[in-house]
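# Breakdown of the fold
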Amino acid sequence: MTVITSRLLARTGFIHGFGTRHAVEGDIPSDVHVLRQVHGERIVCLAEGATRGQSAKGKVQGEDPNLVFRGLPEEPFRFDRGDALVTAIPGIALGIRTADCLPVLAGDPSTGMAAAVHCGWRSLALDLPGKVIRLMVEEWGASGEDLVAALGPSISTCCYEVGPEVIDLFRGYDTGGKPYDIRDDRYYLDLRSITRCQLLMAGMDPDNIDDLRECVACRPERFHSHRGKRSEERMLSYIRSMEKR
Ligand SMILES: [Zn+2]
């Protein structure tokens, strides 16, 4: 299999996939909109009726420079700049490219809206997953209880060594244990448990979060990893929004 799927997302009807290094043209939809990461908290919302500078709800763009509304482009774009892509327009494929960072795909089965979120430590330090979930619930009326999310392949605690200054950013998180490991005086960050924690704090149900638990650095034959195999290549993950139920 060149694309991995989440049972939870599939059960709720969302067409999606986490690409592996073997994904070829045809495994990923050709109409997918893809972001170029800026490793921060920039959220790009594709909104029906959004005009330049204003969201569909009339919210003036620029109040928050990290929240950008765009009307649906005629052609799929590669690449707008951002760290998360969200839409409530049905049938739109949203994509993000990752190597070591954690790709998170989320959807609300009752409204059909979808999100693709790129979670590296810089974005997690800014609570990007939590911000995306709150935006979907507060701005567009997604149901916090119904929202589903899947955590795709990323570098994991077994391999993700970071400096103590990065660990310090996450010490406050209670993930049921610590959001990091210490082995032989070295620190290893747990992107998955921090992301899960942020999704829960934003109101998601723990049963609605699927974790695929694949470490990209442990499996270079299957995944690209900057750290694992010094690869500059990235993998594309996508989710397609649905019609309202
Ligand atoms: Zn590993």
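Residues numbered from 1 in each chain as written. Predicted model: local features only at pLDDT ≥ 70, side-chain atom pairs only at ≥ 80, totals over all residues. Heavy atoms only, no water.

### Notes on the sheet that holds strand β6 (residues 78-81)
We count it as follows: Two strands pair under a simple rule: DSSP has to find at least two bridges between them. By the criteria applied, helices consist of DSSP H or I runs no shorter than four residues and strands consist of E runs no shorter than two, each listed in order from the N terminus.
Sheet architecture is open: six strands sit in the order β1-β2-β16-β8-β3-β6, paired in mixed fashion. In the strand order of this sheet, the two ends are held by β1 (3-4) and β6, each with one partner. Alignment of strand β8 (residues 93-98) against strand β16 (residues 235-240), held across six bridges, turns out to be antiparallel. Bridging across to β16, L94 finds its partner in I239.

### Re the sheet that holds strand β14 (residues 186-189)
Neighbouring strands of a sheet are bound in pairs by backbone hydrogen bonds; such pairs are parallel or else antiparallel. Pairing within the open sheet is antiparallel, and its three strands lie in the order β12-β14-β13. Only two strands of the sheet have a single partner each, and these edge strands are β12 (161-162) and β13 (180-183). Relative to β14, β13 is paired through four bridges, and the arrangement is antiparallel. Paired with Y180 across the strands is L189, a residue of β14.

### Things to note about the pairing of strand β2 (residues 16-19)
Where we set the bar: Here the term buried applies to any residue with accessible area under 20% of the maximum for its type, exposed to any over 50%, and partly exposed to those in between, with areas from a 1.4 Å probe on protein chains only.
Burial of the side chains of β2 extends over both faces: H16 and F18 are buried on one face and G17 and G19 on the other. As judged from the two bridges shared by β1 and β2, these two strands associate in the antiparallel manner. Across the sheet, residue V3 finds its bridge partner in β2, namely G19. Of the pairings in the sheet, the one linking β2 to β16 comprises three bridges and is antiparallel in character. By the bridge assignment for β16, H16 is matched with I239.

### Observations regarding the pattern of salt bridges
Opposite charge on two side chains permits pairing when their charged atoms draw close. To be explicit about the condition: Salt bridges are identified by distance alone: a Lys or Arg side-chain nitrogen within 4 Å of an Asp or Glu carboxyl oxygen.
Tallying each qualifying case throughout the model produces 12 salt bridges. With a shortest N-O distance of 2.6 Å, D80 and R70 are connected by a salt bridge. Here D80, found in strand β6, pairs with R70, found in strand β5 (residues 67-70); they are 10 residues apart in sequence, far enough to count as distant. You can call D80 buried: its relative accessible area is 13%. One salt-bridge network, held together by shared partners, links E214, R219, E221 and R222.

### Concerning the nonpolar core
Defined as follows: Residues grouped as a nonpolar core are buried Ala, Val, Leu, Ile, Met, Phe, Trp, Tyr and Cys residues, joined through side-chain atoms within 4.5 Å. Whether two residues are in contact is decided by their heavy atoms, any of which lying within 4.5 Å being enough.
In terms of nonpolar packing, the biggest core is built from 68 residues, with I43, V86, L94, V132, I133, M136 and L189 touching the most fellow members. Every residue in contact with M136, bar those within four places of it in the chain, is listed here: V86, M113, A114, A115, G141, A142 and L147. Residues V3, I28, V32 and Y238 belong to the second largest nonpolar core, which totals seven residues.

### Some thoughts on the coordination of the zinc ion
Octahedral six-donor coordination of a metal ideally yields angles of 90 or 180 degrees, compared with 109.5 degrees for tetrahedral four-donor coordination. Our working rule: Donor criterion used throughout: N, O or S atom within 2.8 Å of the metal, extended to 3.2 Å for Na, K and Ca. Water excluded; incomplete-looking sites may result. Tetrahedral means four donors with every angle between 85 and 135 degrees, whereas square planar (four donors) and octahedral (six donors) require angles over 155 degrees between opposite donors and between 65 and 115 for all others; sites fitting neither are termed irregular.
The coordination sphere of the zinc ion contains the protein donors C158 (SG), C159 (SG), C215 (SG) and C218 (SG), at a distance range of 2.3 Å. Coordination geometry of the zinc ion: the four donor atoms subtend angles of 102 to 116° at the metal centre, consistent with an arrangement described as tetrahedral. Taken in sequence order, the residues that donate to the zinc ion follow the motif C-C-x55-C-x2-C. Of this pair, C158 sits in the loop between β11 (148-151) and β12 while C215 sits in the loop between β15 (209-211) and α6 (226-229), and the two are 57 residues apart along the sequence.

### Thoughts on the packing of helix α3 (residues 128-138) against helix α5 (residues 191-201)
Here is the rule: Lines fitted to C-alpha atoms define the axes here, with helix axes fitted over just the stretch in contact, and angles between the N-to-C directions of these axes take values from 0 to 180 degrees. An angle below 35 degrees is read as roughly parallel, one above 145 as roughly antiparallel, one from 65 to 115 as roughly perpendicular, and any other as oblique. Take the far helix as your reference; a near helix turned counterclockwise from it by less than a right angle gives a left-handed crossing, and one turned clockwise gives a right-handed crossing. Under the convention adopted here, Pro, Cys and the residues Ala, Val, Leu, Ile, Met, Phe, Trp and Tyr are nonpolar, Asp, Glu, Lys and Arg are charged, and Gly plus all remaining residues are polar.
Interhelical geometry of α3 versus α5 gives an angle of 30° and a closest axis separation of 8 Å. With respect to α5, the axis of α3 lies roughly parallel. In this structure, the crossing between α3 and α5 has a hand that is right-handed. Note on element contacts: α5 touches α3 through T195, Q198, L199 and M201, opposite L128, P129, G130, I133 and R134. Split into classes, the residues belonging to the contact of α3 with α5 amount to five nonpolar, three polar and one charged.

### Re the environment of Y173
Along the chain, Y173 turns up in the loop between α4 (164-168) and β13. On the accessibility criterion, Y173 (17% relative accessible area) is buried. Each C-alpha atom of the pair Y173 and R11 lies 30 Å from the other, and the pair is 162 residues apart in sequence. Setting aside anything within four residues of it in sequence, one finds Y173 in contact with L124, P179, I194, C197, Q198 and M201.

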